Amino acid sequence: MASPKCRLEREPPSAEALEIAKNELRETPEVVQEALKKLRELIENDPTINFRTDDEILIIFLRPCKFYPESALALMKRVADFKDKYTLIAGVRPDDEKSLILEHKTVNIMANRDHKGRRVLIANIGGSWDTKNISGDQIFRLFYLIHVGAMLEPETQIRGVVVILDFDGLGMRQVAQLTPSFSMRLLNFIQEAMPLRLKEVHIVKQPFIFNVVWKVFQPFIREKLKSRLFFHGSKMESLHKHLDPSCLPANYGGKLPPFDYSSADWYPILKGIESNVDEWNSWGNKK
């Protein structure tokens, strides 16, 4: 069987996804229409924020909030505040991180989804992370660009995303990049300002020195995220309790071919949504 090609899936959600949305997100035609109407009213009566208010954009915020309009508005405000607080993402575009995307093997998204239809992002932030040429800030900006793409996929909005953090070969050079400020920014983004359903985070192949990193991250992790964090070390059978081997590459004891950690295959796709990235960058708090 040919391996799936990298592509952004912008078509309407599948019947199975719509059933999940109905059961998990309260998503029925009546609830959706009422929530869209109410959220649009809330935005129009709020002089502080600037976002597009068509159905496509509002649903991006309503789905992770289970179609509660007030919660969706609060999420929009947190997204706006995050942009103001962390200016390193201001105006970021794919070409700003072209070298990281094309020449380094650090972050990639699997072309196939997992057994539950979720997107899987794999970050190889151990020994293969060339910290002389790639900073933690650059990796964060790439995460940020990827999340804009993921938000455009209705199937992903419903089914959510899974992250595998591979710390194989982690050394002091990498630990030095994973500072408290990096940790706080990343966790603030994930927990407060990311309009996506983060379902699971799997930590794999972490050496003993990872304990230093964990001590930096731990104070910023809230209960909801803590319940979705899983530590596996080198025990791939532990990972397989959550992710079926049929959907995983050989790097993690899976049945798919070995995984290349370069995101080069996604570069033309990120370039293809540059106008969406620019528009996303333009929204936020009114100046």
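Residues numbered from 1 in each chain as written. Predicted model: local features only at pLDDT ≥ 70, side-chain atom pairs only at ≥ 80, totals over all residues. Heavy atoms only, no water.

Where an unreviewed UniProt entry is consulted, the protein appears under the name CRAL-TRIO domain-containing protein, with the organism given as Nezara viridula.

Draft legend 1. Looking closely at the pairing of strand β4 (residues 161–166). The buried fraction of β4 is high, at six of six residues. Burial along β4 is two-sided: Val161, Val163 and Leu165 and Val162, Ile164 and Asp166, pointing in opposite directions, are all buried. Where strand β3 (residues 119–124) lies against β4, six bridges are found, and the strand directions are parallel. Its bridge partner lying in β4, Leu121 is registered against Val163. Here six bridges tie β4 to strand β5 (residues 198–204), and the two strands are oriented parallel to one another. By the bridge assignment, Ile164 is partnered in β5 with His202. (Buried < 20%, exposed > 50% of the residue type's maximum accessible area, 1.4 Å probe, protein only. Helix = DSSP H or I, 4+ residues; strand = E, 2+ residues; numbered from the N terminus. Pairing = 2+ DSSP bridges.)

Draft legend 2. Spotlight on unusual backbone geometry. Not every positive phi belongs to a glycine, and Arg26 is a case in point at roughly 65°. Looking at the element boundaries, Arg26 is found in the loop between α1 (15–25) and α2 (29–44). One non-glycine residue, Lys66, lies in the positive phi region at around 55°. Relative to the helices and strands, Lys66 is located in the loop between α3 (55–62) and α4 (69–85).

Draft legend 3. Quick look at α4. Helix length check: α4, at 17 residues, gives a terminal C-alpha distance of 24 Å against a target of 24 Å (1.5 Å per residue), a fit within 8%. Residues of α4 that are buried include every one of Pro69, Ala72, Leu73, Leu75, Met76, Val79, Ala80, Phe82 and Lys83, and no others. (Expected span 1.5 Å × (residues − 1).)

Draft legend 4. Inspection of the sheet that holds β5 at higher detail. An order of β2-β3-β4-β5-β6 is seen for the five strands of this open sheet, with the pairing classed as mixed. The open sheet has two edge strands with one neighbour each: β2 (107–109) and β6 (229–233). Neighbour-to-neighbour, the strand axes of the sheet open up by a mean angle of 20°, direction not taken into account. Summarising the sheet, β5 and β6 pair through four bridges and their orientation is parallel. Each bridged residue has a counterpart across the sheet, and for Val201 the counterpart in β6 is Leu229. (Axes fitted to C-alpha atoms, helices over the stretch in contact; angles between N-to-C directions.)

Draft legend 5. Main features of α3. For α3, the buried fraction is high: six of the eight residues fall into the buried class. Buried residues of α3: Ile57, Leu58, Ile59, Ile60, Phe61 and Leu62, and no others. In this structure, the buried residues of α3 make contact with α2, α4, α6 (136–151), α7 (154–159) and α14 (274–282). (Contact = heavy atoms within 4.5 Å.)

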